[in-house]
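A look at the structure
Take a look at the letters that make up each chain.
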Amino acid sequence: MRRSKLYKQQLEVVGDTLARHTVDEAIAILKKLPGVKFDQTAEVSIKLGIDPRKSDQTVRGAVALPRGTGKSVRVAVVAEGAAAEEAKAAGADIVGFDDLVQTIKEGKLDFDILISTPDAMRMVRPLGRQLGPRGLMPNPKTGTVTDQVGAAVREAKAGRAEFRADRGACLHIPFGKLSFEADALRENFDAIVDAVQKAKPASSKGVYIISCTISGTMTPGVKINVKELARAAK
């Protein structure tokens, strides 16, 4: 595989790509890497010791990032009455009921997160064809199906990250921008790891977090010593 000049320069900074670092060391290396003309997203990739083929070992959830995501998020809410007013007051970009459902049916998805009250899910569930492929279907596990729509909207606007293990038992979760200060990235990283650990299935045995790597949109990965993740399940 041919590697670009930039990628080769980045590898020189990373050094031994198999070396495991402390979280602070890994973030420092990531921020030193030669960059590109846009503000790259920082992402943490975690390999889990679960069997994703088993329904009782699904790992899915959402976490509020204390230092935000670094991007503007458009939030839509399917609700009516007092819940709709609460969503508007909390800063939702789009609030509707029958009208919003119809708009989604037409394929108009001008939002990044969709929140629904439990009673409205009877109308939202049939929208799987439109919402599913884009990961926008509301789900109680991610806090997007709730009666507390105001709190959900505020959390979504402040910055939250959803995660779900893929078929390879891996998670890929954004935790900010490379322009963030190191301490901001560390806070977001810690919040994500804590949420992932809390999401460990009861049926999962043995080592839970097998490996952990952070990277930018266009950078090599920097490996983290998982033994440093003090609360990692064993």
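Residues numbered from 1 in each chain as written. Predicted model: local features only at pLDDT ≥ 70, side-chain atom pairs only at ≥ 80, totals over all residues. Heavy atoms only, no water.

1. Quick word on the packing of aromatic side chains
To keep it simple, the criterion reads: Centres within 6.5 Å make a pair out of two Phe, Tyr or Trp rings, where for Trp the six-membered ring is used; the pair is then stacked when the planes are under 30 degrees apart, edge-to-face when over 60, and tilted otherwise. Helical segments are the DSSP runs of H or I of at least four residues, strand segments are the runs of E of at least two, and each set is numbered from the N terminus. Accessibility here uses a 1.4 Å probe with only protein chains present; expressed as a share of the type maximum, an area under 20% marks a residue as buried, one over 50% as exposed, and anything in between as partly exposed.
Summed over the entire model, instances satisfying the criterion amount to 1 aromatic pair. Ring geometry for F175 against F189: centres 6.1 Å apart, planes inclined by 70°, an arrangement best described as edge-to-face. Here F175, found in strand 7 (residues 170-177), pairs with F189, found in helix 8 (residues 182-198); they are 14 residues apart in sequence, far enough to count as distant. Of the two residues examined, F175 and F189, each falls in the buried class.

2. What to know about the sheet that holds strand 5 (residues 113-116)
Here is the rule: DSSP bridges decide pairing: two strands pair if at least two such bridges lie between them. Lines fitted to C-alpha atoms define the axes, with helix axes restricted to the stretch in contact, and inter-axis angles between N-to-C directions lie between 0 and 180 degrees.
One open sheet holds the 3 strands; their spatial order is 4-3-5, and the pairing between them is parallel. Strand pairing shows two members of the sheet lacking a second neighbour, strand 4 (94-96) and strand 5, which therefore form its edges. Between one strand axis and the next, the sheet turns by 15° as a mean value, whatever way the strands run. Direction of pairing for strand 3 (residues 75-78) relative to strand 5: parallel, over a ladder of 4 bridges. Residue pairing in the sheet places A76 in a bridge with L114 of strand 5.

3. As for the pairing of strand 1 (residues 41-48)
With 6 bridges connecting them, strand 1 and strand 7 associate as antiparallel partners. Paired with E43 across the strands is P174, a residue of strand 7.

4. Details of a negative patch on the surface
The test is simple: Patch membership needs two things, relative accessible area over 30% and no salt bridge, and members are linked within 9 Å if like-charged or within 5 Å if nonpolar (Val, Leu, Ile, Met, Phe, Trp, Tyr). Using a 1.4 Å probe, the Shrake-Rupley method yields the accessible areas, and only the shown protein chains count as cover for residues. Salt bridges, as used here, are contacts in which a Lys or Arg side-chain nitrogen is within 4 Å of a carboxyl oxygen on Asp or Glu. Charged residues are defined narrowly, with Lys and Arg counted positive, Asp and Glu counted negative, and His plus the chain ends left uncounted. Note on charges: their place is set at NZ of Lys, CZ of Arg, CG of Asp or CD of Glu.
Residues E80, D98, D99, D119 and D147 make up a contiguous surface patch of negative charge. When you line up the elements, E80 lands in the loop between strand 3 and helix 3 (81-89).

5. Some words on the side chain of T117
Note the threshold: We call two residues in contact when some of their heavy atoms are within 4.5 Å.
Looking at where T117 falls in the secondary structure, it is placed in the loop between strand 5 and helix 5 (121-124). Excluding residues within four positions of it along the chain, T117 makes contact with V78, A79, A83, V145, T146 and V149.

6. Quick notes on the nonpolar core
Rules: By nonpolar core is meant a set of buried Ala, Val, Leu, Ile, Met, Phe, Trp, Tyr and Cys residues that side-chain atoms within 4.5 Å join together.
The biggest cluster of nonpolar side chains holds 41 residues, and the ones touching the most others in it are V44, L48, V59, L171, F189, V196 and I214. For this core, the elements supplying multiple residues, two or more each, are helix 2 (23-32), strand 1, strand 6 (160-164), strand 7, helix 8, strand 8 (209-215) and strand 9 (222-224). Residue contributions to this core peak at 8 residues, all from helix 8. Not counting residues within four places of it along the chain, the set of residues in contact with V44 comprises L171, H172, I173, F175, F189, I192, C212, T213 and I214. Membership of the second largest hydrophobic core comes to 17 residues, among which are V78, I104, M121 and M123.

7. Overview of the sheet that holds strand 1
In space, the 4 strands of this open sheet follow the order 7-1-8-9, with antiparallel pairing throughout. The open sheet has two free edges, formed respectively by strand 7 and strand 9, since each of these has just one partner strand. Put simply, the sheet's adjacent strands are angled 25° from each other on average, direction ignored. Lying over the sheet, helix 8 contacts strand 1, strand 7, strand 8 and strand 9, oriented at roughly 155° with respect to strand 7.

8. Regarding helix 3
Which entries qualify depends on this criterion: The arc under discussion is defined with respect to the helix axis, by the directions toward the C-beta atoms.
Listed as buried for helix 3 are A83, A84 and A87. Projected down its long axis, helix 3 shows its buried positions confined to an angular sector of 100°, all on one face. Across from the buried face of helix 3, at angles greater than 90 degrees, the exposed residues are G81, A82 and A89. Of the surrounding elements, those touching the buried residues of helix 3 are strand 3, strand 4 and helix 7 (149-158). The positive-phi residue at the C-terminal boundary of helix 3 is G91, with phi of around 105°.

9. Notes on the pattern of salt bridges
Scanning all chains against the criterion turns up 11 salt bridges. A salt bridge links R186 to D190, with the shortest nitrogen-to-oxygen separation between them at 2.9 Å. Of the two residues, R186 and D190 both sit in helix 8, 4 residues apart, roughly one turn of that helix. Given a relative accessible area of 23%, R186 falls into the partly exposed group. Overall, D190 belongs to the partly exposed group, its relative accessible area being 34%.

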